[in-house]
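Per-entry structural report
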Amino acid sequence: MDNKYVIATGYNRANLCEHVSRYIENGWYPIGGMVIDFNDNEDEKIYCQPMTIEQD
């Protein structure tokens, strides 16, 4: 069995929660904590959550 990984992203916490919920409904589960990625000017944030799933 192999593990596959993806990073779910959103432009705010609510948007990230929607994306993570969709992944969970499809058998994925979060690993680790949420990360907030800032651009160089720190004007925009991207919320990230690593996700994984086991596949045959």
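Let me sum up the structure you'll find in this document. Small disclaimer: the values here were computed from a predicted structure and weren't measured. For every chain, the first residue of the written sequence is number 1, and numbering continues from 1 onward in sequence order. Where totals are concerned, whole chains, interfaces and linings use all residues; where local detail is concerned, this predicted model gives features only for residues with pLDDT of at least 70, and gives and counts side-chain atom pairs only at 80 or more. Remark: hydrogens and water are excluded; side-chain values derive from all non-hydrogen atoms of the structure.

**Some thoughts on the pairing of strand β4 (residues 45–55)**
For clarity, the cut-off: For two strands to pair, DSSP has to find at least two bridges joining them. Each helix corresponds to a stretch of at least 4 residues labelled H or I by DSSP, and each strand to a stretch of at least 2 residues labelled E; elements are numbered beginning at the N terminus.
Note: strand β1 (residues 2–10) against β4, nine bridges, orientation antiparallel. Within β4, the position partnered with Ala8 by the bridge is Gln49. With two bridges joining them, strand β2 (residues 29–30) and β4 adopt antiparallel strand pairing. From the neighbouring strand, Tyr29 faces β4, where its bridge partner is Thr52. One ladder, built from four bridges, connects strand β3 (residues 35–38) with β4; its direction is antiparallel. Bridge pairing links Val35 to Cys48 in β4.

Read these as spatial facts, not as claims about activity.
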